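Chain by chain, the residues:
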Amino acid sequence: MTASNSHNISRYLWLWALAVAVVLGGLAFLERQSLVRELTVKSATLHRLASQRADQHDAHLTSLSAIFVAGGVERQDLFLDVAATIMRFYSRITSVNVIPFDPSEPAMQTQPGLTTEDAAQVVQLARNSTGALGIEQVPTMPGNYMVVKRTPNTDAARYGLALIINARALVETEDPFWQRPSVSLRLLTPDGQKALVGQASPDSVGFTKPLGSASQPLILETALTIGVADVLPLGKALAAISLATALFVLAAFGVRQRARRTDAESRAKLSAQETRLAHASRVNAMGEMASGMAHELAQPLTAILSQAQAGRHLVRRGDAERLGSVLDETVTQAQRAADILDRLRRWSKPNRAASEPCALQDAVHSVQRLLASDATAKGATITLSLSDAPLLIDADPVELEQVVFNLVRNALDASDAAHVTIKTDIDGSTAILDVIDNGPGVPEAIRTRIFEPFVTGKSDGTGLGLALCQRLVEEMGGEIELVSEAVETTFRLSLPLSPQKASS
């Protein structure tokens, strides 16, 4: 098996595992939502049932209070008969009691009756009542609570009428849902401090709501602990995995077939384009070289033309003395054009001429002389701010001068009456040259691409000048940049000093 096949198999296994995980995750989410919804519905049903049962206690107390007030202690037989009947039909009521405020008076209680502590609690609740029923956990009977009514229900009350209620029976139901091990419920006193039934179930979803009884607002809490087996039943999980696998196989087969067809079409297109691309590359290279030559040669040829016109003017005036310097400058520019052609020829070959130490200040002074007439014609000024120490750079003198010339010429072209400053400095073992102008600056849209070929901010520019400058500077081992944080437009050259300078 090849490494490529192994890689493909491994990738498909990972994708299959991801697909299965997504399907199982979706199944788990839906199952969990279903369980939570079921808990909510079952809890709401139990809440209504317990609330109705609690409301019945109010009716029982009202009836028993009326019987006791009418018959008094003398007819306790009638009271106890009614109480026994209520307890027989409502088994959650475990005891009915009438406790006098005065301990010397007799009490009426159904069996098994109340302890002294429980009876004292009934009297306290009845004495504190302002007419509403009192509710409290039975001190000696965990899981039971008492509902107490003063009798008669006036400020002249002398008795406390109490029902003792089994809290577990209040929320008892035959629904098998509540028998599940993962389901739990609690019934709390109205203040939420004491649990009459059940225990807390941490880390589970639940339902909490007070009963809808004004006299017994016990708090019903239900909870459901959801485990992995609950949200991923074995049968449904296996079915989901099978479905995911089948869909994945079909999808993988379709993708593989489509990939083969696309690959075949791409190969056919590439085969047809290879010849056209190779031809286009050659044409583009020739076009770039031709544009570069035109851009580079335009400057010395323009200077030759200018000098020739000046010479003809001097001949007419008979000024032979100045004619010699004009002819010398014409020869210099002609040689400059020849050097440019030679340099462009060398670019097309892998080997370039060896560099030599040359002074950066000399290149600056030469450029200033070459562009002096252009600056005067434009009403511009070129100011030099050069370091005193000589800055020797390992480079081709013509190439170095050409870079500085291009930068200064661009600065002069930036605006009419431009003010251009050329500064040099040393930073450790690096020579720094800044060309600064007060023109409008480089358009924001091309600032990050200013050194790319054919990118220019001039309407008549070729977009090759700065690209060629960058190439020449990089061949010198240096860098060229547009200083973004400068107030005025600033192009900076950073060139390594010649080892000859460093050792001197």
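### Concerning the sheet that holds strand β16 (residues 489-496)
Then comes step 1: Sheet architecture is open: 5 strands sit in the order β11-β13-β14-β16-β15, paired in mixed fashion. On the outer flanks of this sheet lie β11 (381-385) and β15 (479-482), each paired with one strand and no other. Going across the sheet, the axis of each strand differs from the next one's by a mean of 15°, ignoring polarity.
Then comes step 2: In this fold helix α8 (residues 360-370) packs onto β11, β13 (419-427) and β14 (430-437), with an angle of close to 165° to the strand it touches most, β11.

### A few points about the pattern of salt bridges
Then comes step 1: One pass over the structure, following the stated rule, counts 14 salt bridges.
Then comes step 2: Note that arginine 492 is salt-bridged to aspartate 434, the shortest N-O span being 2.8 Å. Highlighted residues: arginine 492 in strand β16 and aspartate 434 in strand β14, separated in sequence by 58 residues.
Then comes step 3: Among the ionic pairs, arginine 449 bridges to glutamate 452, the shortest N-O distance being 3.5 Å.
Then comes step 4: Relative accessible area serves as the criterion here: at 37%, arginine 449 is assigned to the partly exposed category.
Then comes step 5: One salt-bridge network, in which partners are shared between bridges, spans Asp374, Lys378, Arg409 and Asp413.

### Here's the deal with the nonpolar core
Then comes step 1: In this structure, Leu400, Val403, Leu407, Val408, Leu412 and Leu433 are the most contacted members of the largest nonpolar core, which totals 43 residues.
Then comes step 2: Taken together, the elements giving at least two residues each to this core come down to α8, β12 (392-395), α10 (397-413), β13, β14, α11 (465-475), β15 and β16.
Then comes step 3: Considering every element that reaches this core, the biggest residue donor is α10, with 8 residues.
Then comes step 4: Residues Met87, Val98, Tyr159 and Leu220 belong to the second largest nonpolar core, which totals 37 residues.

### A look at the pairing of β12
Then comes step 1: The two faces of β12 differ: Ile393 and Ala395 on one face are buried, but Leu392 and Asp394 on the other face are not.
Then comes step 2: Examined bridge by bridge, strand β10 (residues 356-359) and β12 share 4 bridges and lie antiparallel to one another. The partner of cysteine 358 across the bridge, within β12, is isoleucine 393.

### So, the sheet that holds strand β2 (residues 108-109)
Think of a sheet as strands paired side by side through backbone hydrogen bonds, with each pair either parallel or antiparallel.
Then comes step 1: The sheet built from 5 strands is open, its strands ordered β2-β1-β5-β4-β3 with antiparallel pairing. Looking along the sheet, the strands with just one partner apiece sit at the ends: β2 and β3 (134-137).
Then comes step 2: As defined by bridge partners, strand β1 (residues 93-100) adjoins β2 across 2 bridges and the pair is classed as antiparallel. The residue bridging asparagine 97 from the neighbouring strand is glutamine 109, located in β2.
Then comes step 3: Each of β1, β2 and β5 (159-166) is contacted by helix α2 (residues 76-89), which is oriented at about 155° to β1, the strand it contacts most.
Then comes step 4: Across the face of the sheet, helix α3 (residues 116-128) comes into contact with β1, β3, β4 (144-151) and β5 while running at roughly 50° to β4.

### Concerning the confidence of the model for the chain
Then comes step 1: Looking at the chain as a whole, the pLDDT averages 83, with 87% of positions reaching at least 70.
Then comes step 2: Note that residues 277-283 has pLDDT below 50 and, in this model, 0 contacts with residues that lie over four places away or in other chains.
Then comes step 3: With pLDDT under 50 throughout, residues 347-351 is counted as low confidence; its partners more than four residues away or in other chains account for 6 contacts.

Conventions adopted
Residues numbered from 1 in each chain as written. Predicted model: local features only at pLDDT ≥ 70, side-chain atom pairs only at ≥ 80, totals over all residues. Heavy atoms only, no water. Pairing = 2+ DSSP bridges. Helix = DSSP H or I, 4+ residues; strand = E, 2+ residues; numbered from the N terminus. Axes fitted to C-alpha atoms, helices over the stretch in contact; angles between N-to-C directions. Contact = heavy atoms within 4.5 Å. Salt bridge = Lys/Arg side-chain N within 4 Å of Asp/Glu carboxyl O. Buried < 20%, exposed > 50% of the residue type's maximum accessible area, 1.4 Å probe, protein only. Core = buried A, V, L, I, M, F, W, Y, C linked by side-chain atoms within 4.5 Å. pLDDT = per-residue confidence, 0-100.

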